[in-house]
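Here are the chains, one letter per residue:
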Amino acid sequence: MQHSNAEGMGVTQRVSSPRFSGPMTRRTHSFKVGSSHDVELQLHSPKSENPILETQDSSAATTSGSIPTTTTTNSFLHRWFSYRPRPLFGKGLLRKPSSPSLLDFGVSAYRRKRLGHLLLYALCGACLFLAVLKISTSVWIGSGEYSGGASFQSGESGSKNDNWYIQGADSDRSLMMVSSVVAESLTNKRKYSEIWSKPNSEEFKQCIDRQKSYKRPDSDTNGFLLINANGGLNQMRFGICDMVALAKIMKATLVLPSLDHTSYWADESGFKDLFDWKHFMQTLKDDIDIVETLPSNFTETEPFRKTPISWSKVNYYKSEVLPLLKQHKVIYFTHTDSRLANNGLPSSIQKLRCRVNYRALKYSAPIEELGKTLVSRLRRNGNPYIALHLRYEKDMLSFTGCSHNLTTEEGDELRRMRYEVSHWKEKEIDGADRRKQGGCPLTPRETSLLLKALGFPSTTNIYLVAGEAYGNGSMQYLKNDYPNIYSHSTLSTEDELSPFENHQNMLAGLDYVVALESNVFVYTYDGNMAKAVQGHRRFENFRKTINPDRQNFVKLVDELDEGKISWKKFSSKVKRLHQDRIGAPYFREPGEFPKLEESFYANPLPGCICETNRRK
């Protein structure tokens, strides 16, 4: 809005009036056409009369009934020509009028002032609304930008004017821009929500409770079962579940399990270090008898050593193992892994296996408490997080013969290690061919490409559920794309981790707790940790779990690296490839060979998860 210099400097314009006795302002009204094309009548010029005398003469003439003199006419002309139409916005309406005007139309000064304030408030409110709208759209979009190229400034004309006052077509175009931004931001929010949302599982529920007609068996026992749970943490976990089921099948008393201390990690942790053993015994007291140690009257008895046949069913244990238990009274199973079939077992036995796995095998207090603390730190400010089981560790790479993206020296080291481990049967492995068949863990770089293609933003919090990745600089790709990567070492203090020092199985239990509670669990290889966590997440209402299609995914990665497909097409294909690999409900089916079929502990449906009545 254009104003005179006097107004801009805060100088009040005043005319000769009985209400003002002070001197006139420096700039007075003139009887001429000014820069604003207004006609002005100048006072106090050589051509004007003394205003005081003009007033007196006019008053006298009126009193005597005479026609007013020219001085009266000049006063009228002054008021007529000095009137300027007041602009709609700005100081013209809001300033206090200097004198009554012929065009006041009876509107009082108070009402004009009040109307001015209302208009000022309306203008300020409009500006505030537009500012909040701009800030809100920036927050919705996340980065403050959007790909459509629209702008709240006057846009494509190249003007540098930042004025929010838009008229006509500019206003329509601005509204279209705002609508476009809002629509796109809502689309982005929907896509962001989708990558974290769990699959639909409304038609399924947990079903592991005992039947109402169930009665606890009498205390008579056929003998005592000693076990040594072999392997890593999760392999031992599966074995313990099977041993409880076998104790039920043979009506044996289970002695609290001992754990393997000769595995790769050579961990000295005992059952009581890893699990809440009192809770374990209390939870299963109505299913089987459990004792801490052999009774004193059996301490001198030599246990009969037995290695059960893998993937066996109930008939094998009742016909071949139970007679041995009755004969020797104490039997010792040298191995516990995979000693019970995945399928073809009574429903009561399957439910018992799940009660052990998901109810009785609760981790010890130090593990559970620190695990909850780490989850809380990862979810600070309400952020979701991914638990990533990046099985790119030296032992796994050596066992599988995979060396993609590693140096020749690193590949040779893995090969030597494979030959040094006697119980690894396969020695000569073509790593390149195995990768093409989907038999290798994803590399950190391939994992980063997977997460980006699926739409996870670079700000995502990632918790590593694994040991140290093998290979010099192998993690750099993943860290560059996703800098917010954490582990139990980086999230915990030294004091918090001190009880876990040199106890790899306890650390694995800690990772298990954090992985189970994650918003999304991603595993890059089908190891025992992946099976255990994904099965538990299915049981806990099918929490989102991404199972990469490694065989087809690495083909897409190779095509991308060779320039055969664009990033846009790569991302689209990766999303389509994994749309049905997010942990949604499906029924486990028996395979041709037990070793090749899906693990009961990776998918406890059917057995421990049932369809609701609504689905039936």
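What counts as what
- Residues numbered from 1 in each chain as written.
- Predicted model: local features only at pLDDT ≥ 70, side-chain atom pairs only at ≥ 80, totals over all residues.
- Heavy atoms only, no water.
- Helix = DSSP H or I, 4+ residues; strand = E, 2+ residues; numbered from the N terminus.
- Buried < 20%, exposed > 50% of the residue type's maximum accessible area, 1.4 Å probe, protein only.
- Patch = residues over 30% accessible without salt bridge, like charges linked within 9 Å, V, L, I, M, F, W, Y side chains within 5 Å.
- Areas by Shrake-Rupley, 256 points an atom, 1.4 Å probe, with all protein chains shown as cover.
- Salt bridge = Lys/Arg side-chain N within 4 Å of Asp/Glu carboxyl O.
- Disulfide = S-S within 2.5 Å.
- Contact = heavy atoms within 4.5 Å.

Looking at the overall build of the protein chain
Next, step 1: Scanning the protein chain for helices and strands turns up 23 helices and 13 strands.
Next, step 2: Counting all 616 residues of the protein chain, 42% fall into the buried class.

Looking at a nonpolar patch on the surface
Next, step 1: On the surface, Leu 115, Leu 118, Leu 120 and Tyr 121 cluster together into a nonpolar patch covering about 410 Å² of accessible area.
Next, step 2: Mapped onto the elements of the fold, Tyr 121 is located in helix H5 (residues 109-141).

A short note on the state of the cysteines
Next, step 1: Considering all chains together, one arrives at three disulfides under this definition.
Next, step 2: Disulfide partner of Cys 207: Cys 610, at an S-S distance of 1.9 Å. Its S-S torsion of about 80 degrees marks the bond between Cys 207 and Cys 610 as right-handed, since a negative value means left-handed. Residue Cys 207 is found in the loop between strand S1 (204-206) and strand S2 (224-229), and its partner Cys 610 is found in strand S13 (residues 609-611); the two are separated by 403 residues along the sequence.
Next, step 3: Residue Cys 207 is classed as buried on the basis of its relative accessible area, which comes to 14%.
Next, step 4: Judged by its relative accessible area of 25%, Cys 610 is partly exposed.
Next, step 5: Between the sulfur of Cys 354 and that of Cys 608 lies a disulfide, 1.8 Å long from S to S. Judged by the torsion about the S-S bond (90 degrees), the Cys 354/Cys 608 disulfide is right-handed.

Considering the pattern of salt bridges
Next, step 1: Under the definition given, this model contains 20 salt bridges.
Next, step 2: In this structure, Arg 377 engages Glu 496 in a salt bridge whose closest nitrogen and oxygen atoms are separated by 2.8 Å. Taken together, the residues Arg 377 in helix H12 (residues 365-378) and Glu 496 in helix H19 (residues 494-497) connect sequence positions 119 residues apart.
Next, step 3: Residue classification places Glu 496 among the partly exposed positions, given a relative accessible area of 23%.
Next, step 4: The salt bridge involving Lys 564 is made with Glu 562; its shortest N-O contact spans 3.1 Å.
Next, step 5: For Lys 564, a relative accessible area of 62% translates into the label exposed.

A word on the side chain of Lys 351
Next, step 1: With respect to the helices, strands and loops of the structure, Lys 351 is situated in helix H11 (residues 347-360).
Next, step 2: When near neighbours in sequence (up to four residues on either side) are disregarded, Lys 351 contacts Cys 207, Ile 208, Asp 209, Gly 607, Cys 608 and Cys 610.

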